[in-house]
Amino acid sequence: MYEGKPRTLFVKYAVPQMIGLLLNSVYVIVDGIFIGNRLGRDAMAAAAVSVPFVEVLTALSMAIASGAGVMISGQLGRGEKEKALQTFHAAMLCAAAFGGFIIVLGNVFIHPLAELLGSTPQIHAEAVSYLWYIVTFSPFLLFSFLLGGLARNDGRPKLAMFALAADSVSNIILDYVFMYPLNMGIAGAALATAVGPVFSVLILLPHFLLKKGNLHFAKTHIGFHQIRYILMLGFPSFIMEFTIGIVTFVYNFAIVKHGYGEIGLAAYLVIGYLMLIILTLFLGMAEGLQPVFSYFAGVGEEERSREMRRFAVKVFLSVGVLCYLLIVFFSRGFYSIFSPDDLELIDFAANKSIPYFCGFFLAGYNILMISYWQSMQNTKGALTVSLSRSIVWPAILTLLLPLAFGNEAIWLCHSLSEALTACTAFVLLARQKR
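What this report covers is the structure whose coordinates are included nearby.

Rules behind the numbers
- Residues numbered from 1 in each chain as written.
- Predicted model: local features only at pLDDT ≥ 70, side-chain atom pairs only at ≥ 80, totals over all residues.
- Heavy atoms only, no water.
- Salt bridge = Lys/Arg side-chain N within 4 Å of Asp/Glu carboxyl O.
- Helix = DSSP H or I, 4+ residues; strand = E, 2+ residues; numbered from the N terminus.
- Buried < 20%, exposed > 50% of the residue type's maximum accessible area, 1.4 Å probe, protein only.
- Core = buried A, V, L, I, M, F, W, Y, C linked by side-chain atoms within 4.5 Å.
- Contact = heavy atoms within 4.5 Å.
- Phe/Tyr/Trp six-rings, centres within 6.5 Å; stacked < 30°, edge-to-face > 60°.
- Lys NZ or Arg CZ within 6 Å of the ring centre and 35° of its normal.
- Patch = residues over 30% accessible without salt bridge, like charges linked within 9 Å, V, L, I, M, F, W, Y side chains within 5 Å.
- Areas by Shrake-Rupley, 256 points an atom, 1.4 Å probe, with all protein chains shown as cover.
- Polar contact = N/O pair within 3.5 Å; in protein donor to acceptor, adjacent residues only side chain to side chain.
- Axes fitted to C-alpha atoms, helices over the stretch in contact; angles between N-to-C directions.
- Parallel < 35°, antiparallel > 145°, perpendicular 65-115°, else oblique.
- Left-handed = near helix turned anticlockwise from the far one by under 90°.
- Nonpolar A, V, L, I, M, F, W, Y, C, P; charged D, E, K, R; others polar.

**Observations regarding the pattern of salt bridges**
With the rule as written, the count across this model stands at 9 salt bridges. Its salt-bridge partner being Glu303, residue Arg306 comes within 3.1 Å of it at the nearest N-O pair. With Arg306 and Glu303 both in helix H12 (residues 302–335), this residue pair falls 3 residues apart, about one helical turn. Residue classification places Arg306 among the partly exposed residues on the basis of a relative accessible area of 30%. In this structure, Glu303 engages Arg310 in a salt bridge whose closest nitrogen and oxygen atoms are separated by 3.2 Å. Using a relative accessible area of 45% as the deciding quantity, one classes Glu303 as partly exposed. Here Arg310 falls in the partly exposed class, since its relative accessible area comes to 39%. Connected through salt bridges with shared partners, the residues Glu302, Glu303, Arg306 and Arg310 form a single ionic network.

**Remarks on the nonpolar core**
In terms of nonpolar packing, the biggest core is built from 96 residues, with Phe10, Leu289, Phe316, Tyr335 and Phe357 touching the most fellow members. With 20 residues, helix H11 (residues 261–299) is the single largest residue contributor to this core. Residues in contact with Phe10, not counting those within four places in the same chain, are Val15, Met285, Leu289, Met308, Phe311, Ala312, Val315 and Phe316. By size, the runner-up hydrophobic cluster in this structure holds 28 residues, among which are Ala65, Met71, Leu147 and Val201.

**Side note on the packing of aromatic side chains**
The tally for this structure, following the rule as stated, stands at 13 aromatic pairs. Centre to centre, the rings of Trp132 and Tyr133 are 5.0 Å apart; their planes meet at 85°, and the pair counts as edge-to-face. Here Phe282 and Phe316 contribute two aromatic rings whose centre-to-centre distance is 6.0 Å and whose plane-to-plane angle is 15°, an arrangement assigned as stacked. Here Phe282, found in helix H11, pairs with Phe316, found in helix H12; they are 34 residues apart in sequence, far enough to count as distant. Cluster of aromatic residues (ring-pair linked, three or more members): Phe88, Phe208 and Phe217. One cation-aromatic arrangement involves Arg309 over Tyr372; the distance from NZ or CZ to the ring centre is 5.2 Å.

**Quick word on a nonpolar patch on the surface**
Judged by side-chain polarity, Val321, Leu322, Leu325, Leu326, Val328, Phe329, Phe330 and Ile354 come together as a nonpolar surface patch covering roughly 760 Å² of accessible area. Here the nonpolar patch gets 7 residues from one element, more than from any other, and that element is H12. Here Leu322 shows up in helix H12.

**Considering the environment of Leu22**
You can see Leu22 is positioned in helix H1 (residues 6–39). With sequence-adjacent residues up to four places away left out, Leu22 is seen in contact with Ile277, Thr280 and Leu281.

**Considering unusual backbone geometry**
Phi at Asn183 is positive, roughly 50°, even though this residue is not glycine. Within the fold, Asn183 resides in the loop between helix H8 (157–179) and helix H9 (185–209). Phi at Lys211 is positive, roughly 55°, even though this residue is not glycine. By the element assignment, Lys211 lies in the loop between H9 and helix H10 (224–257).

**Overview of the side chain of Gln226**
Residue position: Gln226 is located in helix H10. Exposure remark for Gln226: the relative accessible area of 7% places this residue in the buried category. A distance of 3.1 Å separates a polar atom in the side chain of Gln226 from a polar atom in the side chain of Gln86. Those residues in contact with Gln226 that sit more than four places away from it in its chain are Met71, Gln86, Thr87, Ala90 and His221.

**Quick notes on the packing of helix H6 (residues 124–136) against H9**
It is the contact of H6 with H9, at a shortest axis distance of 8 Å, that shows an interaxial angle of 20°. Viewed along their axes, H6 and H9 adopt a mutual orientation that is roughly parallel. The crossing of H6 and H9 is right-handed. Taking contact as the criterion, the partners of Glu126, Ser129, Tyr130, Tyr133 and Ile134 in H6 are, on H9, Ile186, Ala187, Ala189, Ala190, Leu191, Thr193 and Ala194. Of the residues in the contact of H6 with H9, the class split is 9 nonpolar, 2 polar and 1 charged.

**Quick word on the packing of H12 against helix H14 (residues 361–375)**
As a packed pair, H12 and H14 sit with axes 7 Å apart at the nearest point and diverge in direction by 155°. Classified by the angle between their axes, H12 and H14 sit roughly antiparallel to one another. Considering the relative orientation of H12 and H14, their crossing is right-handed. Two secondary-structure elements touch here, H12 through Ser305, Arg306, Arg309, Ala312, Val313, Phe316, Leu317, Gly320 and Val321 and H14 through Phe361, Leu362, Gly364, Tyr365, Leu368, Met369 and Tyr372. Partitioned by chemical class, the residues of the contact of H12 with H14 number 11 nonpolar, 3 polar and 2 charged.

**Overview of the environment of Leu60**
Among the secondary structure elements, Leu60 is positioned in helix H3 (residues 51–77). Residue Leu60 is classed as buried on the basis of its relative accessible area of 13%. Excluding its chain neighbours within four sequence positions, the residues that come into contact with Leu60 are Phe98, Ile102, Leu142 and Phe238.

Purely spatial values, then, with no claim about function.
In structure tokens, the structure reads:
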């Protein structure tokens, strides 16, 4: 299952997950285009209220999936199939418990939750309508990411890719059907987003129900310590996803504070869409390689693990540099999709993208090292890098850099954060080698 050269394993595991997640990020962008063009600015604001909640759900599912995946690949590598089954069932139970908890509390406190997430009186009714569907269908989102991660660790990376693709394509189709022919308004947009993961789960479940791999449903003992260990190993992934919202908040605050106003916020929104695509490429490849690294750790093949990491570093850096060149020459075309008549916004966003993304090619290296150390069960190293790029350096640099070099320096903060995090990761790796 994990035989072959690094190039072969990369194509088999990293590429399918990258494609699946890329399609997933594209539907998020298309969703925004549909709502904006069909329902207007207030509807976009109402949908935006649910974005932090969706990010928390995604972060939670990624934590369970990555933590369980690290354990399962290592256990299968050592031939411990019974332990792998126990971990599989513990992960499923964990996701089910979180899903039930979210449905009950989310619906009971849906109005305060909407207000907490930023709803205003003008959009409150639409925000609650959108949020209700996300809360009620939340278990499907949790299980879609979890089952996809478990399928990859059970040797079915293409199945996980097809499931993600089905989620994305169905969402785009249902967006059109619910908002145009059926004219369901904001509820239709929410229902399309909520139903997408249902298709993903339906595609993935037969693999486990029909016992097509090592992981399947069976009577087995589940210990609380297994759930605790899953969450501990998956915590760096949770931080990496959850803090995207925190980083957005920090930059929004800095943009307003330093006088860029509405055009700065609007530009950062469309820059964020472009950043989402690039991060998705890196996250997809890193998630795809996790089973490979975990398997090598489980069987003690340290040299193959290092060889795989060295090959992956070259690919990640090459992809990062290529993305930056595309941004320099073609970002205006991308930004014009969202507001074709606002030339001032397009020029502003394109100009600020050059410093904003100049060091972003190192984000791939950082994300790869988080996945690598998670797979080695080196939670401390993974968490250090994750916190460095998500919280520590962005907060410090957005506070100090404009004071030292002027307001324009805020557009360099993200790239410098990735550069300093890469230095941190390199130092940690050098210490590990010694």
